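Descriptive analysis of the structure
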There are 2 protein chains.
Amino acid sequence: MTITMYDTLLQLPLFQGLGKNDITSILDKVKIHFSRRKAGDIVLRKGQACRDLVFLLNGSLMSETSDKDNMYLFYEEIDAPSLLEPYSLFGWRTEYASNYITSTVCDFVSIEKFYLLSELSNYEIIRLNYLNILSNRIQNLSDRLWTNMAGSVEDRIVDFILLHSIIPTGEKRLKIKMDDLAKLLSSTRIRISRALNEMQDKHWITLHRGEIRVPDFVHLKEHREARRLEQSIKSET
Amino acid sequence: MTITMYDTLLQLPLFQGLGKNDITSILDKVKIHFSRRKAGDIVLRKGQACRDLVFLLNGSLMSETSDKDNMYLFYEEIDAPSLLEPYSLFGWRTEYASNYITSTVCDFVSIEKFYLLSELSNYEIIRLNYLNILSNRIQNLSDRLWTNMAGSVEDRIVDFILLHSIIPTGEKRLKIKMDDLAKLLSSTRIRISRALNEMQDKHWITLHRGEIRVPDFVHLKEHREARRLEQSIKSET
């Protein structure tokens, strides 16, 4: 069990570049909390104080995030191994930004912030990894602010889903009323519905009661890339 | 001169909580590079490698950022003291995300990344401040992703400008063709033009050739807050 845990942790960006001896000696010095949760549990709640590094060791879960107006919910699948919201341990708002709900039985390991600062921070490589993780997220989020949503209704639906898809793999789900999606994309309910049905016919999405599911969002990314390329050729000629 | 510099640096979030003796002893150990630039100089360019902590000590400058499609340019005023793009020193893309152009004579101090890691990082408070600065930015950018742009044309223009306004004070400028703004906001050139003129009449913005200037964006923020409040009252009744 412990051998597996070390190997799993070493796969994470936070511990990249560390050897097995390093991680063993770090974990010897810190208090580690293990937990196993059954499927369907809310393990962390939006607004809950973030005081620990929480690692998902086994299993998979869904993050659930809502917009400021509570018009929609967006879900992203997260598979082990993963470190949950390392950016919520610092800054003005040290609380979780999303809910996390287990999809399968999940094993977690958590380490108090105190040990991150007193023990883990003694390793320059961990300090650097942490700065890299946070800076990557800034660069990723910032790119989204400067990416325009424009074009056909279908284009804008794709852009809207991609805008909120931060985890690079896994299923995405958007729970929203058609009327609200129409309002957000400055379109009409009928046009939105037509575009969604066409997207379902192309197997990009599946439509459920009040929910759009994207089993594999590579199709959406390809669509956006192709459109970008088209536009740049058009603007050159 | 040097006394002033220490006092100025101590006002920055990165050095918050340090004493004057600390900063003196830190700066004794690191190589500092001073420079003075005249007004109108491009001091840092988008895409240029970011290898130093660059501090603006005196003067003011404008950041210039373009969207991915090069449809528009957005400008934000930055006043001294300020640390430029601390998030571009780490992560996948260690290059500046914006251009920086001096508006007045400006004094800069820069410290190589090497010294940040070898000397500044020895102070736990600086390490913590750095993590806080990066985490704050993530929380700030992330909030924008979950803030909807919807409502009247005026509402959407306000949202669009606020979406790109990251520095909490100072003048903002948006250089864009009316046709492109109409495209981005799913509206028409005529409606956009009418809304902008009304906003100018209210002294929220001033209109120039191909450019919208926002001398004080508190008006835009108040408008958005009032609208939010209105919507939440409406949805409760």
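Here the structure is a predicted model, which means the values were calculated and not measured.

Residue and element names in this part refer to chain A. Once the domains are mapped, chain A shows domain 1 (3-138) and domain 2 (153-236). On a C-alpha basis, the centroid separation for the pair domain 1 and domain 2 is 29 Å. Facing the ten residues of domain 1 at the interface are 18 residues of domain 2. Interface area, domain 1 with domain 2, both sides summed: about 1,300 Å², of which 60% is carbon and sulfur. Looking only at domain 1, the three residues that lose the most surface to domain 2 are M71, Y72 and F74, adding up to 45% of its buried area. Inspection of the region where domain 1 meets domain 2 yields one salt bridge. Across the salt bridge formed by E76 and K172, the nearest N and O atoms sit 2.7 Å from each other. There are seven residue pairs in polar contact (both at pLDDT 80 or more) connecting domain 1 and domain 2. Tallied by class, the residues present in the side of domain 1 that touches domain 2 amount to seven nonpolar, no polar and three charged.

Rotating chain A by 180° and translating it 0.0 Å along the rotation axis places it on chain B, where the RMSD comes to 0.0 Å. Taken together, the turn and the small shift mark the pair as related by a two-fold rotation axis. The C-alpha atom lying nearest the rotation axis in chain A is that of I138 of chain A; the distance is 2.8 Å. A symmetric contact is evident, with 100% of the interface residues of chain A recurring at the interface of chain B.

Turning to the nonpolar core, a few remarks are in order. Ranked by internal contacts, the top residues of the largest apolar core, which has 144 residues, are F15, L53 and F55 of chain A together with F15, L53 and F55 of chain B. With residues up to four places along the chain from it excluded, the contact list for L53 of chain B reads L14, L83, L89, V109, S110, I111, L116, L120 and Y130 of chain B.

Here the focus is the sheet that holds strand β1 (residues 32-37) of chain B. Residue and element names in this part refer to chain B. Taken together, the four strands give an open sheet; going across it, the order is β1-β8-β3-β6, and neighbouring strands pair in antiparallel fashion. Looking at which strands have only one partner, the edges of the open sheet turn out to be β1 and β6 (82-84). Each neighbouring strand pair of the sheet contributes to a mean axis angle of 25°, computed without reference to strand direction. The sheet contact formed by β1 and strand β8 (residues 106-112) spans six bridges and is antiparallel. Bridged to I32 within β8 is I111.

Residue and element names in this part refer to chain A. Applying the stated criterion across every chain, the model contains 32 salt bridges over all chains. Residue D107 is joined to R36 by a salt bridge in which the shortest nitrogen-to-oxygen separation is 2.7 Å. With a gap of 71 residues between them, D107 in strand β8 (residues 106-112) and R36 in strand β1 (residues 32-37) connect regions that are remote in the sequence. The closest approach of N and O atoms between E211 and R213, which form a salt bridge, is 2.7 Å. Sharing partners across several salt bridges, the network here consists of D155, D159, R224 and R227.

Residue and element names in this part refer to chain B. Within helix α2 (residues 20-29), burial applies to I23, I26 and L27. Each buried residue of α2 lies within a common arc of 95° when the element is viewed along its axis, so the set occupies one face. Counted as exposed and oriented over 90 degrees from the buried face of α2: N21 and D28.

Let's shift gears to the packing of aromatic side chains. Applying the stated criterion across every chain yields a total of twelve aromatic pairs over all chains. On the numbers, 6.4 Å between centres and 55° between planes, the contact of F74 of chain A with W146 of chain B is tilted. With one member in each of two chains, F74 of chain A in strand β5 (residues 72-79) and W146 of chain B in the loop between α4 (124-145) and α5 (153-164) form a pair that bridges those chains. Here W146 of chain B falls in the buried class, since its relative accessible area comes to 8%.

Residues and elements named next belong to chain B. Here α5 crosses helix α8 (residues 218-236) at 120°, and the two axes come no closer than 10 Å. Considered as vectors, α5 and α8 are oriented oblique to each other. You can see that α5 and α8 cross each other, and the crossing is left-handed. Contacts from E154, D155, V158, D159, I161 and L162 in α5 reach L220, K221, H223, R224 and R227 in α8. Along the lines of polarity and charge, the residues of the contact of α5 with α8 split into four nonpolar, one polar and six charged.

Conventions we followed
- Sequence order as written defines the numbering, with residues in each chain counted from 1.
- Starting at A for chains and at 1 for ligands, labels are handed out in the order in which the entities are written.
- Only residues with pLDDT of at least 70 are given local features in this predicted model, and only at 80 or more are side-chain atom pairs given and counted; all residues enter the totals for whole chains, interfaces and linings.
- The basis for every side-chain value is the complete set of heavy atoms in the structure, and neither hydrogens nor water enter the calculation.
- All domain edges in this entry derive from an automatic or database-based domain assignment.
- Here, residues are in contact when the closest pair of their heavy atoms is within 4.5 Å.
- Here the quantity called buried area is the total loss of accessible area, with a 1.4 Å probe, experienced by two parts when brought into contact, counted for both.
- Salt-bridge detection follows one rule: a side-chain nitrogen of Lys or Arg within 4 Å of a carboxyl oxygen of Asp or Glu.
- Between N or O atoms, a polar contact is any pair within 3.5 Å; within protein, one atom must be a potential hydrogen donor and the other a potential acceptor, and residues adjacent in sequence are included only when both atoms are from side chains.
- Classification convention: Asp, Glu, Lys, Arg as charged; Ala, Val, Leu, Ile, Met, Phe, Trp, Tyr, Cys, Pro as nonpolar; all other residues, Gly among them, as polar.
- Superposing the copies works by least squares over the C-alpha atoms of residues that have pLDDT at least 70 in both of them.
- Among buried residues, those of type Ala, Val, Leu, Ile, Met, Phe, Trp, Tyr and Cys that are joined through side-chain atoms within 4.5 Å constitute a nonpolar core.
- The cut-offs for exposure are 20% and 50% of the maximum accessible area for each residue type, with area from a 1.4 Å probe on protein chains only; residues under the lower value are buried, those over the upper are exposed, and the others partly exposed.
- Should DSSP find at least two bridges between two strands, the strands are regarded as paired.
- In DSSP terms, a helix is any run of H or I states spanning at least four residues, a strand is any run of E spanning at least two, and both are numbered starting from the N terminus.
- In this description, a line fitted to the C-alpha atoms serves as the axis of each element, helices being fitted only across the stretch in contact, and the angle between N-to-C directions of two axes falls anywhere from 0 to 180 degrees.
- This arc is taken over the directions from the axis of the helix to the C-beta atoms.
- For Phe, Tyr and Trp, where Trp contributes only its six-membered ring, two rings pair if their centres lie within 6.5 Å, and the inter-plane angle classes them as stacked under 30 degrees, edge-to-face over 60, or tilted in between.
- In this scheme, roughly parallel covers angles under 35 degrees and roughly antiparallel covers those over 145, while 65 to 115 is roughly perpendicular and the rest are oblique.
- Crossing handedness: left-handed means the near helix sits turned counterclockwise from the far one by under a right angle, and right-handed means the same turn made clockwise.

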